[in-house]
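Listed below are the residues making up each chain.
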Amino acid sequence: MIQKFEKIKKIKGELVLPGDKSISHRSVMLASLAKGKSFIHNLSNSEDVLSTKKCFTQLGASIIDNGDTVEIVGRGYKGFVKSENELYAGNSGTTARLLMGILSGQNFSSVITGDKSLSSRPMRRVIEPLSLMGVKTETASEQFLPIKIFPPKEIVPINYELPVASAQVKNAILLAGLHCSSSTEVIENIPTRNHTELMLGLKIINSNKKIISVVSKKNYPESNEYFIPSDISTASFFIVLTLLTKQSELLLKNISLNDTRTGILKVLQEMGGKIELLNENIINGEKRGDVFIQSSELRNVKIDNTIIPNIIDEIPILAVAGLFADSSFEIRNASELRKKESDRINSICYNFRLLGLNVNEYEDGFKVEGDIQNQQVIFESFGDHRIAMAFSILSLLLDEGAAVNNFECVKISNPDFITQLKSISYY
C-alpha cells in the first residue's frame, strides 16, 4: 500500500499515545511467569506485543483483554506447558530473544519461528551465552530462526560481559537466570534499556564504569499491577514533526522518561529543540511525565558514541530532524542499525538519495548534506515500521508532499499512527 502525504501547515493539540512497547512486552512476560492474577493498564496495541501475547497464551497463560486493562493469570515457576505448535514471534526481535531466555528454564523443548525479516536477524548473540548456561539449541542454518531450545535439567549461573550493547541479549540472560539457584551476572560497558531490572527489582552494581545486573531464583516475579507509560520511541516522530513545523506546539501525555530511553530528547535539546518535561513521577519503578514541544530552529551537533545504544531506535527520525537542521548530519558507531527490521543505514541512505541529497554511507553510519532537489517522491519503507514513520514525517514537511510504499508495516509498532497525525494536524 502506498500512503500519500500532503505538506502540513501547523501542529497543535495534545496526544495520549499507546503504551511503551518495550515495557509492554516485559509486562506480559513477567505476568505470565508469575503465579496468579496480574493486571496491565495501557498495554501497547502493536503487532509485536500481540505476538508476545499469542506466544504466552500457547504456553498456558490466560490473557483476557478488557479494553484499557489486560488481565493475565500466570503459570508460576516452571509452570508453562509445552505448546502444541511452534511459537511464532512475527516481526518481534524482543519476543523471540527474550522468549529464548524464558524457555531455557522450562522442563520441555520448544521451537520459535518468525517472519522473513526476523528470520534474517542474528540469534548467535543470544545462543552463545545461553549455551554457557547449559542450554542446547538447533537452528536451520547459520544460527537464525527457526530455533529449537533444549533446556538443561539445571540451568548454570554465569558471569557474562556483553560483547555488544544489546538489551535483548542482556534480558535473555536475566530471564534465564530467574531459574538459577545462585546468582547470574550480566556486565555492560555501555548502558542499555533497563526495564527488566526495574520491574524485577534486581540488584545493580556500578563498578569501574561498568554496570552489573544480578539475578537469581530469588527475583522470580510475583503477580502485580502494571501501569505502562506511553512509548517514547513512538513519541519521537511527533516531537520531530512539531519541532520542524512553523508556529506549532504539542503536549504528549504520560511519556516514558526512563533514563536509558531519553537520549533522543537530549540530542534534540542540544540541537536547539524547545522541549520541556512536565509532571514527572515514578510508577512501577518507571519514570514518566508529559512532554511539551514547540517549533524550533535546529542545528546539527556531534553525537556522542556512548549515547548510540540509547537512541538506536530513534536514529531514523533523528536523521530527518538533522536534514532540516543547519549544517550536515552525520552519525557513526551505529552498525547495529544494519541488524534491525531492515538494514536501516541502507534504508535511510536510499531514501535520502531519492531527494537528490549528497549521501555518504559507511559501514557504521552515514552523512547527509545538500539541498533537496526532487519533490513528490515515493519513499520505500523496506517493510520497516520506523523507516515508514520517519519518511512519513519527512513527506509532511516537503512543499509538494510525498508518499511511502508498503506503509502498512507501521502496525508493527503503532497501528493508529495516521489517526494520531490527523488529530493534531492543520493543512
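I will try to describe carefully the structure that is included in this document. Source: prediction; values computed, not measured. (Residues numbered from 1 in each chain as written. Predicted model: local features only at pLDDT ≥ 70, side-chain atom pairs only at ≥ 80, totals over all residues. Heavy atoms only, no water.)

## What to know about the overall build of the protein chain
Here comes step 1: Secondary structure summary: the protein chain contains 13 helices and 23 strands in total.
Here comes step 2: Against the compact-globule benchmark of 22 Å for 427 residues, the protein chain has a radius of gyration of 21 Å, which places it among compact chains.
Here comes step 3: Along the first, second and third principal axes, the C-alpha atoms of the protein chain reach 65 × 45 × 40 Å.
Here comes step 4: Within the protein chain, contacts between residues at least 6 apart in sequence are counted, and of these 74% link residues at least 24 apart.
Here comes step 5: Here the protein chain has roughly 17,000 Å² of accessible surface; of this, 46% comes from carbon and sulfur atoms.
Here comes step 6: Looking at the protein chain, you have 48 positive and 49 negative side-chain charges, and the mean spots of the two groups are 4 Å apart. (Helix = DSSP H or I, 4+ residues; strand = E, 2+ residues; numbered from the N terminus. Rg over C-alpha atoms; globule rule 2.2 N^0.38 Å. Contact = heavy atoms within 4.5 Å. Areas by Shrake-Rupley, 256 points an atom, 1.4 Å probe, with all protein chains shown as cover. Lys, Arg positive; Asp, Glu negative; His and termini not counted. Charge placed at Lys NZ, Arg CZ, Asp CG, Glu CD.)

## Describing the sheet that holds strand β7 (residues 110–113)
Here comes step 1: If you walk across this open sheet you meet the four strands as β6-β7-β9-β8, and the pairing is mixed. Two strands in the sheet have a free side with no partner beyond their single neighbour: β6 (87–88) and β8 (136–139).
Here comes step 2: When β8 meets strand β9 (residues 147–150), the two strands line up antiparallel, connected through four bridges. From the neighbouring strand, Lys136 faces β9, where its bridge partner is Phe150. (Pairing = 2+ DSSP bridges.)

## What to know about the environment of Gly90
Here comes step 1: On the secondary structure map, Gly90 appears in the loop between β6 and α3 (93–103).
Here comes step 2: Owing to a relative accessible area of 6%, Gly90 belongs among the buried residues under this scheme.
Here comes step 3: Along the chain, Gly90 and Ala31 lie 59 residues apart, while their C-alpha atoms are 21 Å from each other. (Buried < 20%, exposed > 50% of the residue type's maximum accessible area, 1.4 Å probe, protein only.)

## Comments concerning the packing of helix α7 (residues 232–244) against helix α8 (residues 263–270)
Here comes step 1: Direction vectors running N to C along α7 and α8 enclose 15 degrees, while the axes themselves pass 10 Å from each other. In terms of their interaxial angle, α7 and α8 are classed as roughly parallel. Handedness of the α7/α8 crossing: right-handed. From α7, Ile232, Ser236, Ile239, Val240 and Leu243 reach across to α8, where they touch Ile264, Leu265 and Leu268. (Axes fitted to C-alpha atoms, helices over the stretch in contact; angles between N-to-C directions. Parallel < 35°, antiparallel > 145°, perpendicular 65-115°, else oblique. Left-handed = near helix turned anticlockwise from the far one by under 90°.)

## Considerations on the packing of helix α10 (residues 315–323) against helix α12 (residues 385–397)
Here comes step 1: Two elements in contact, α10 and α12, have axes whose closest approach is 8 Å; the angle formed by their N-to-C orientations is 20 degrees. Viewed along their axes, α10 and α12 adopt a mutual orientation that is roughly parallel. Judged by the twist between their axes, the crossing of α10 over α12 is right-handed. Contacts from Pro316, Ile317, Val320 and Leu323 of α10 reach α12 at Arg386, Ile387, Ala390, Ile393, Leu394 and Leu397.
Here comes step 2: Classifying every residue of the contact of α10 with α12 by side-chain character gives nine nonpolar, no polar and one charged. (Nonpolar A, V, L, I, M, F, W, Y, C, P; charged D, E, K, R; others polar.)

## Concerning the nonpolar core
Here comes step 1: Grouped together as the largest cluster of nonpolar side chains are 74 residues, with contacts concentrated most on Ile239, Leu252, Leu268, Phe352 and Phe366.
Here comes step 2: Apart from residues lying up to four places away in sequence, Phe352 is in contact with Ala319, Val320, Leu323, Leu357, Val359, Phe366, Val368, Phe391 and Leu394. (Core = buried A, V, L, I, M, F, W, Y, C linked by side-chain atoms within 4.5 Å.)

## Looking at the packing of aromatic side chains
Here comes step 1: The final tally for this structure, using the stated rule, is 10 aromatic pairs.
Here comes step 2: Summarising the aromatic geometry, the rings of Phe238 and Phe417 are spaced 5.6 Å apart at their centres and angled 50 degrees between planes, so their arrangement reads as tilted. Of this pair, Phe238 sits in helix α7 while Phe417 sits in helix α13 (residues 417–424); the two residues are 179 residues apart in sequence, bridging distant segments of the chain.
Here comes step 3: Pairing Tyr350 with Phe382 gives two aromatic rings, centres 5.4 Å apart and planes at 85 degrees, and the pair type is edge-to-face. You can see Tyr350 sitting in helix α11 (residues 344–354) and its partner Phe382 sitting in the loop between β21 (378–380) and α12, a full 32 residues away along the chain.
Here comes step 4: Following the ring pairs from residue to residue traces out a cluster consisting of Phe5, Phe237, Phe238, Phe407 and Phe417.
Here comes step 5: Between the NZ or CZ atom of Lys10 and the centre of the ring of Tyr426, over which it lies, the distance is 5.3 Å. (Phe/Tyr/Trp six-rings, centres within 6.5 Å; stacked < 30°, edge-to-face > 60°. Lys NZ or Arg CZ within 6 Å of the ring centre and 35° of its normal.)

## A closer look at the layout of surface pockets
Here comes step 1: Here the largest pocket defines a volume of roughly 730 Å³.
Here comes step 2: Lining of the largest pocket is provided by 43 residues; of these, Ala165, Ser166, Ile312, Glu336 and Lys340 occupy positions nearest its centre.
Here comes step 3: Listing elements by their share of the lining of the largest pocket, those giving two or more residues are α1 (21–33), α3, α5 (167–177), α9 (308–311) and α12.
Here comes step 4: Considering every element that reaches the lining of the largest pocket, the biggest residue donor is α1, with four residues. (1 Å grid on protein atoms, 1.4 Å probe; cavity = no way out; pocket = protein on both sides within 12 Å on 5 of 7 lines; lining within 4 Å. Points joined across faces, edges and corners; volume = space filled by probe spheres on them.)

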